[in-house]
Amino acid sequence: MAQRSHHRFLGALALLGSLVVSVDSRADAISAVQLLREGGCGGTLPPARALRRIASLDRAAEQWASGRTLASAAQITGYEADSTRGVHITGPESATVKLLRQSGCRTLTDPSFHDIGMFHRGLETWLVLGSVHIAPASAQGPMLASRALQLVNDVRARGARCGEHSFSPAPPVKLSDTLATVAFGHAADMAKHNYFEHEDLAGHSPADRVRAVGYAEKLVGENIAYGPKSADEVVQGWLDSPAHCENIMDPRFAEMGIAFAAGQSSRRGLFWVQLLVAPKA
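Residues numbered from 1 in each chain as written. Predicted model: local features only at pLDDT ≥ 70, side-chain atom pairs only at ≥ 80, totals over all residues. Heavy atoms only, no water.

### Concerning the pattern of salt bridges
If the charged atoms of two oppositely charged side chains come close together, the side chains can form a pair. Note the threshold: What makes a salt bridge here is a side-chain nitrogen of Lys or Arg within 4 Å of a carboxyl oxygen of Asp or Glu, nothing more.
Going through the model one piece at a time under the given rule, you end up with eight salt bridges. Through salt bridges with shared partners, a single ionic network connects Asp200, Arg209 and Glu222.

Written out as structure tokens, the structure is:
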């Protein structure tokens, strides 16, 4: 994994972080689940939307593997579930899709589930699916995403100077619902567990989270911020920071997802996540 930039600062209104990583796609049980959901278990069931990988459900899967009941495992890790279901498989990685189909295809493609976590040990894999109602910070979320897209594409069309580096005009990016879902999952996780990092509490990078929903990527960039109350404010804060500005101006990126969530503990402001991705051809 090649890391290009990781920069964060606290300004008058915004705490910001940026990261760009390039990764090779790698098959695992969660990728297999996403493929099964997308294809409706080989066309036998209706297709379902991709799941968000959640750090607390990774921990719940580990607790379940250690002998706790699934309900208590989710509870002690802080995942306030409306419902949870688990799937446990044993076998080589090459048989993962077959084993998942045999063990719980109907569970894995249940559209009521939104989140997933995984724990792997030896030949065994434990998967925990869950759903919890997490309301966005505002019903204006889609409107703010559209405004952020306009601001980003306006500056890409003009070109910009990011610190000591000048960037020529770049092609526009387009919004991706899949990337917005991944962005919201990380924003909500930071808001709920009161941390501010590109790497989540389970050690997953932005590229890991993008890959976990089955998105085929060549390059992933992430900007995060805490505090801004509007799309204009958060985008301007990123443009004022060289590393974040470079992410926004990188001509390789073609798709964007942006989301925010309200803090739930000592930090009551908004946590923002912007993903910029170059998809594989």
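### Looking at helix α3 (residues 55-65)
Residues three or four positions apart in an α-helix share a direction because the helix packs 3.6 residues into each turn. Test applied: The classification of residues rests on relative accessible area computed with a 1.4 Å probe and restricted to protein chains. Under 20% of the type maximum is buried, over 50% is exposed, and intermediate values are partly exposed. A run of DSSP states H or I qualifies as a helix once it reaches four residues; a run of E qualifies as a strand once it reaches two. Both are numbered from the N-terminal end.
For α3, every residue scored as buried is listed here: Ala55, Ser56, Leu57, Asp58, Ala60, Ala61 and Ala65. Positive phi shows up at Gly67, right after α3, with a value of about 120°.

### A look at unusual backbone geometry
Note: most peptide bonds trans; most residues except glycine with negative phi. Residue Cys41 is not a glycine yet carries a positive backbone phi of 55°. By the secondary structure assignment, Cys41 is in helix α2 (residues 40-43). Accessibility expressed as a relative area gives 3% for Cys41, which makes it buried. The backbone of Asn194 shows a phi angle near 60°, a positive value even though the residue is not glycine. Counting through the fold element by element, Asn194 comes out in the loop between α7 (177-193) and α8 (206-212).

### Let's talk about the nonpolar core
Stated formally: Think of a nonpolar core as a cluster: buried Ala, Val, Leu, Ile, Met, Phe, Trp, Tyr and Cys residues, connected wherever their side-chain atoms sit within 4.5 Å. Every residue pair with non-hydrogen atoms within 4.5 Å of one another is taken to be in contact.
Ranked by internal contacts, the top residues of the largest apolar core, which has 28 residues, are Val235, Trp238, Ile248, Met256, Ile258 and Trp272. Listed by contribution, the elements that provide at least two residues to this core are α6 (141-158), β7 (160-162), β10 (217-226), α9 (231-239), α10 (242-249), β11 (255-262) and β12 (270-279). Ranked by residue count, the leading element in this core is α6, at seven residues. Ignoring any residue separated from it by four or fewer positions in sequence, one finds Met256 in contact with Ala148, Leu149, Val152, Val173, Lys174, Leu175, Ser176, Leu179, Gln274, Leu275 and Leu276.

### Here's the deal with the confidence of the model for the chain
Detailed conclusions should not be drawn from predicted coordinates in areas where pLDDT is low. Threshold: The predictor's confidence in any single residue is recorded as pLDDT, a number from 0 to 100.
The predicted model of the chain has a mean per-residue pLDDT of 83, with 85% of residues at 70 or higher. In the predicted structure, residues 1-14 sits below a pLDDT of 50 and forms 47 contacts with residues beyond four places in sequence or in another chain. Of the regions scoring below 50 in pLDDT, residues 134-139 engages in nine contacts with residues more than four places distant in sequence or in other chains.

### Describing the side chain of Arg52
Filter applied, for reference: In the analysis that follows, any N or O atom pair within 3.5 Å is treated as a polar contact, provided that within protein one partner can donate a hydrogen and the other can accept it, and provided that, for residues neighboring in sequence, both atoms belong to side chains.
Take Arg52: it is sitting in strand β3 (residues 52-53). Here Asp115 takes part through its side chain, which lies 2.8 Å from a polar atom of the side chain of Arg52.

### Considerations on the packing of aromatic side chains
What counts is decided by this rule: Here the aromatic set is Phe, Tyr and Trp, taking the six-membered ring for Trp, and pairing holds for ring centres within 6.5 Å; pairs whose planes are under 30 degrees apart are stacked, those over 60 apart are edge-to-face, and all others are tilted.
Under the definition given, this model contains three aromatic pairs. Judged by centre distance (5.9 Å) and plane angle (40°), the rings of Phe119 and Trp126 are tilted. Plain terms: the ring middles of Phe260 and Trp272 are 4.9 Å apart, the flat faces sit at 35° to each other, and that makes the pair tilted. With Phe260 in strand β11 and Trp272 in strand β12, this pair connects stretches of sequence that are 12 residues apart. By relative accessible area, which is 6% here, Phe260 ends up buried.

### A few points about the state of the cysteines
How we decide: Sulfur atoms of two cysteines make up a disulfide when they are within 2.5 Å.
Throughout the structure, instances matching the rule amount to two disulfides. In this model Cys41 forms its disulfide with Cys105; the gap between the sulfur atoms is 1.5 Å. Where Cys41 bonds to Cys105 through sulfur, the torsion about that S-S bond is close to -110°, and the disulfide is left-handed. Taken together, the residues span a long stretch of sequence, with Cys41 in helix α2 and Cys105 in helix α5 (residues 96-108) at a distance of 64 residues. By relative accessible area, Cys105 is classed as buried at 13%. With a sulfur-sulfur separation of 2.0 Å, Cys162 is cross-linked through a disulfide to Cys245. For the disulfide bridge between Cys162 and Cys245, the dihedral angle about the S-S bond is near -60°, and by the sign convention the bridge is left-handed. Taken together, the positions of Cys162 in strand β7 and Cys245 in helix α10 put the pair 83 residues apart, joining distant regions of the chain.

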